[in-house]
Amino acid sequence: MTLVMDADELMAFLRRDFGQVAEEFAVERADADGVTLRLTVAERHLRPGGTVSGPSIFGLVDVAMYLAILSRIGPVALTVTTSCAIDFMRKPAAGRDLLGEARVLKVGRSLAVGDVMVFSEGMAEPVARASLTYSIPPKR
């Protein structure tokens, strides 16, 4: 698939249109294979026991896939999540950022489908796996 937005353009879009969460994330990579998004893990992302909370992991996979789709279709802000299923496979490593590796599997006229693998930085085994579908608004 052809890239329409690169890593810098995706971060600029996130800062402009979603400033409320932009500082938590950094686009590490945006290319033909997908997008890698970093969640800078802070105290607010932790649950009792010192592990990253499920809602924080959901936020990472949702934003990673959103940006991966936008990297293909351009800055269509009203592209929205319609479905997400996450498998939590192991406890994230303490004191490490999380990386979401998003891969777009299909982009149609009205829907896009993809998956995200989540890793603790420096670890080979995934923490979580997600499958997501997004609705793309009609062109006007």
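Residues numbered from 1 in each chain as written. Predicted model: local features only at pLDDT ≥ 70, side-chain atom pairs only at ≥ 80, totals over all residues. Heavy atoms only, no water.

Asker: Got a minute to help me understand the overall build of the chain in this structure?
Answerer: Regarding its fold elements, the chain presents 3 helices and 8 strands. Taken over the C-alpha trace, the chain has a radius of gyration of 14 Å; the compact-globule value for 140 residues is 14 Å, and the two agree within 12%. For the chain, the C-alpha atoms occupy an extent of roughly 50 × 25 × 25 Å along the three principal directions. Per-residue burial for the chain yields a buried fraction of 44% across its 140 residues. Here the analysis covers contacts within the chain between residues at least 6 apart in sequence; of these, 62% occur between residues at least 24 apart. Per element, the accessible surface of the chain, about 7400 Å² overall, is 52% carbon and sulfur. The averaged location of the 17 negative side-chain charges in the chain is 6 Å from the averaged location of its 16 positive side-chain charges. (Helix = DSSP H or I, 4+ residues; strand = E, 2+ residues; numbered from the N terminus. Rg over C-alpha atoms; globule rule 2.2 N^0.38 Å. Buried < 20%, exposed > 50% of the residue type's maximum accessible area, 1.4 Å probe, protein only. Contact = heavy atoms within 4.5 Å. Areas by Shrake-Rupley, 256 points an atom, 1.4 Å probe, with all protein chains shown as cover. Lys, Arg positive; Asp, Glu negative; His and termini not counted. Charge placed at Lys NZ, Arg CZ, Asp CG, Glu CD.)

Asker: I tried to follow the pairing of strand β8 (residues 128-135) on my own but got confused; where do I start?
Answerer: When a strand is regular, its side chains alternate between the sheet's two faces. Across 8 bridges, strand β5 (residues 80-88) lies against β8 in antiparallel orientation. Residue pairing in the sheet places C84 in a bridge with L132 of β8. In the sheet, strand β7 (residues 111-120) pairs with β8 via 8 bridges, with the strands oriented antiparallel. Within the sheet, the bridge partner assigned to D115 lies in β8 and is S131. (Pairing = 2+ DSSP bridges.)

Asker: Quick question: what am I supposed to make of the pattern of salt bridges here?
Answerer: Should their charged atoms come close, side chains of opposite charge can pair. Across all of its chains, the model carries 9 salt bridges by this definition. A salt bridge links E28 to R38; the nearest nitrogen and oxygen atoms lie 2.9 Å apart. Of this pair, E28 sits in strand β1 (residues 25-31) while R38 sits in strand β2 (residues 34-39), placing them 10 residues apart in sequence. Connected through salt bridges with shared partners, the residues E28, R38, D97 and E121 form a single ionic network. (Salt bridge = Lys/Arg side-chain N within 4 Å of Asp/Glu carboxyl O.)

Asker: Teacher, can you tell me more about the pairing of strand β6 (residues 98-107) here?
Answerer: The pairing of β2 with β6 spans 5 bridges and is classified as antiparallel. Note on β6: the bridge partner recorded for L39 is L98. Note that β6 and β7 share 9 bridges and pair antiparallel. Bridged to R103 within β7 is D115. In this antiparallel pair of consecutive strands, β6 and β7, the connection spans 3 residues.

Asker: Honestly, the environment of V35 in this entry has me stumped. Any pointers?
Answerer: Within the secondary structure, V35 is located in strand β2. Relative accessible area serves as the criterion here: at 0%, V35 is assigned to the buried category.

Asker: Got a minute to help me understand the sheet that holds β8 in this structure?
Answerer: Paired through their backbone hydrogen bonds, the strands of a sheet run either parallel or antiparallel. Here 6 strands make up an open sheet; going across it, the order is β1-β2-β6-β7-β8-β5 and the pairing antiparallel. The sheet terminates laterally at β1 and β5, the two strands that pair on one side only. On average, each strand axis in the sheet is inclined to that of its neighbour by 20°, with strand direction left out of account. With 6 bridges connecting them, β1 and β2 associate as antiparallel partners. Its bridge partner being in β2, D31 is matched across the sheet by G34. (Axes fitted to C-alpha atoms, helices over the stretch in contact; angles between N-to-C directions.)

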